[in-house]
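Descriptive structure summary
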Amino acid sequence: MLCLFDLDGTLIDSEVGILGCVRHALTQLGVEHPSEMRHWIGPPLRHSFAPLLDHDHDRIELAVDYYHERFHAIGWQEHTVYPGIETMIGRLQSAGHTLAVVTSKPERHARPIIEHLPFGGAFSRLYGPDPSSPHSEKASMIAAALEDFGAKPEETAMIGDRHFDIDGAVANRVRGLGVLWGFGSKEELEKAGAHALARDPEHLAALLAA
């Protein structure tokens, strides 16, 4: 099976790094930080910055630049691997599954993270959107993966913690597996049409073996 993994909220807990970069960008622009920011993890940056910056295109682009500035310097290192992920990845690899990463992070930000993961070598490919894109692009990246690997939709799964991942899976008729240890809710994943929900990485491995 071709197993496509989201990165943030699925393989790694990147809340500290992402929100640190968001706060840095808002501080540089003199904008007050929202009290609740977990919803920033998952959607494209421009989507989240827009309402705080009066949908001003130039200020949004400046905010994205400030975000990337800090992320490139230090933010990419500010994450932890969720417990059980390394073991689960090893099990899937040993079982002969093909693994790849499909993330909303620009490839230049995701690649150093994956290369520094103890199990980073398990992933055959990395798919990330163009840095200038305001869209999640999960659907188009999953479609690209299907083509690149010559995989059939029924033999492919997209694994993630937000509705963007499941939306992309539904659009390509692949299995959308939601994970409950990330930043999305059970309700969000079910509403998007998740094929199944995994309680923990061990449960996810079992679902992928079914």
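Conventions adopted
Residues numbered from 1 in each chain as written. Predicted model: local features only at pLDDT ≥ 70, side-chain atom pairs only at ≥ 80, totals over all residues. Heavy atoms only, no water. Core = buried A, V, L, I, M, F, W, Y, C linked by side-chain atoms within 4.5 Å. Buried < 20%, exposed > 50% of the residue type's maximum accessible area, 1.4 Å probe, protein only. Helix = DSSP H or I, 4+ residues; strand = E, 2+ residues; numbered from the N terminus. Contact = heavy atoms within 4.5 Å. pLDDT = per-residue confidence, 0-100. Phe/Tyr/Trp six-rings, centres within 6.5 Å; stacked < 30°, edge-to-face > 60°. Lys NZ or Arg CZ within 6 Å of the ring centre and 35° of its normal.

To continue, consider the nonpolar core. One finds Phe5, Phe49, Ile89 and Leu204 to be the most contacted residues of the largest nonpolar core, which totals 53 residues. For this core, the element with the most residues is helix 1 (residues 15-28), which contributes 6 residues. Filtering out sequence-adjacent residues up to four positions away, Leu204 remains in contact with Phe5, Met88, Ile159, Leu177, Val179, Trp181 and Ala198. Formed by 12 residues, the second largest nonpolar core is a distinct cluster that contains Val102, Met141, Leu146 and Met158.

On average, the protein chain scores 92 in pLDDT, and the residues at 70 or more come to 97%. No element of the protein chain has a lower mean pLDDT than helix 2 (residues 45-49), at 88, and none a higher one than strand 1 (residues 2-5), at 98.

Before going further, it helps to spend a moment on the packing of aromatic side chains. For the structure shown, the criterion picks out 4 aromatic pairs. Both rings, one in Trp40 and one in Phe49, keep their centres 4.9 Å apart while their planes meet at 75 degrees; by these two values the pair is edge-to-face. Ring centres of Phe119 and Phe123 lie 6.2 Å apart, and the angle between their planes is 65 degrees; this geometry places the pair in the edge-to-face category. Owing to a relative accessible area of 10%, Phe123 belongs among the buried residues under this scheme. What links up through ring pairs into an aromatic cluster is the set Phe5, Phe119 and Phe123. Here the basic side chain of Arg125 rests over the ring of Phe149, its NZ or CZ set 5.8 Å away from the ring centre.

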